[in-house]
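The primary structure of each chain is shown beneath.
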Amino acid sequence: MTPSLLGVSHLGLSVADVDAAVRFWTEVMGFELFAEDPRYRLLLHRGARVAIGLSDHDFAVTGPFDERHVGLDHLALAVGDLEALRSWQQRLTRLGVPHSGVTGSGGGHHLNLRAPDNVAIELFVIGVELVAAMGLDEPAAAVAGTH
């Protein structure tokens, strides 16, 4: 039998400029600085129940993020509905953060942007068809960490 998992505990991101990454995640994305150490920063978004750790690995991180290399392709954060996604689009525009605009696909609606170091972020509203195909009752059931 496979042991149980509760959801995503936290995400660890390697960044070249920790201070720039902290500013982005707090000022743009609404996270709070929860803990800091000379080696890392821990950010928390209480509403989403997700934490992000940022480290420059003793200044060893170089070059921008590239989803075409082995590892993380992008970070997808769940958004409750299309209206909230459009609010994110307005916020990003107001803050001067480049983004894709809201686009639809077979899986739902997406809004793509980049954090410092070119880290790819997708704000995602899952479609009801995909929720049903997963055998779930409601969209919130498809979100990790809703325990």
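Rules used in this analysis
- Residues numbered from 1 in each chain as written.
- Predicted model: local features only at pLDDT ≥ 70, side-chain atom pairs only at ≥ 80, totals over all residues.
- Heavy atoms only, no water.
- Helix = DSSP H or I, 4+ residues; strand = E, 2+ residues; numbered from the N terminus.
- Rg over C-alpha atoms; globule rule 2.2 N^0.38 Å.
- Buried < 20%, exposed > 50% of the residue type's maximum accessible area, 1.4 Å probe, protein only.
- Areas by Shrake-Rupley, 256 points an atom, 1.4 Å probe, with all protein chains shown as cover.
- Salt bridge = Lys/Arg side-chain N within 4 Å of Asp/Glu carboxyl O.
- Lys, Arg positive; Asp, Glu negative; His and termini not counted.
- Pairing = 2+ DSSP bridges.
- Axes fitted to C-alpha atoms, helices over the stretch in contact; angles between N-to-C directions.
- Phe/Tyr/Trp six-rings, centres within 6.5 Å; stacked < 30°, edge-to-face > 60°.

Q: Describe in detail the overall build of the protein, supporting the description with residues and values.
A: Along the protein, the regular secondary structure elements total three helices and eight strands. In sequence order, the secondary structure elements of the protein are arranged as β-α-β-β-β-β-α-β-β-β-α. Taken over the C-alpha trace, the protein has a radius of gyration of 16 Å; the compact-globule value for 147 residues is 15 Å, and the two agree within 12%. The dimensions of the protein, computed from C-alpha atoms along their principal axes, are 45 × 45 × 30 Å. A burial count over the protein gives 34% of its 147 residues as buried. Total accessible area on the protein is roughly 9200 Å²; 55% of this is exposed by carbon and sulfur atoms.

Q: Can you break down the pattern of salt bridges residue by residue, with the values?
A: Tallying each qualifying case throughout the model produces five salt bridges. For Arg-46, the salt bridge identified is with Glu-32, shortest N-O distance 2.8 Å. With Arg-46 in the loop between strand E3 (40-45) and strand E4 (50-55) and Glu-32 in strand E2 (residues 32-37), the pair connects residues that are 14 residues apart, well separated along the chain. We note a salt bridge from Arg-68 to Asp-66, for which the minimum N-O separation is 2.8 Å.

Q: Describe the side chain of Asp-56, and please don't skip the residues or the numbers.
A: By the secondary structure assignment, Asp-56 is in the loop between E4 and strand E5 (75-78). The side chain of Asp-56 is buried and forms no salt bridge, while Arg-41, the nearest opposite charge, is found at 7.1 Å.

Q: Outline the sheet that holds E3, listing residues and values.
A: One open sheet holds the four strands; their spatial order is E1-E4-E3-E2, and the pairing between them is mixed. Looking at the sheet topology across the chains shown, the edges are occupied by strand E1 (10-14) and E2. Neighbouring strand axes in the sheet, compared pairwise and without regard to direction, differ in orientation by 20° on average.

Q: Give a detailed account of the packing of aromatic side chains, specifying residues and quantitative values.
A: Aromatic ring pairs are reported here in terms of the distance separating the ring centres and the angle at which the planes meet. This structure, assessed with the given rule, holds two aromatic pairs. Seen from their ring centres, Phe-24 and Trp-25 are 5.3 Å apart, and the 85° between their planes marks the pair as edge-to-face. Of the two residues, Phe-24 and Trp-25, both sit in the buried class. For the pair Trp-25 and Phe-31, a centre-to-centre distance of 5.4 Å together with 80° between the ring planes defines the contact as edge-to-face. Exposure remark for Phe-31: the relative accessible area of 5% places this residue in the buried category. Feature note: the residues Phe-24, Trp-25 and Phe-31 constitute an aromatic cluster, connected by ring pairs.

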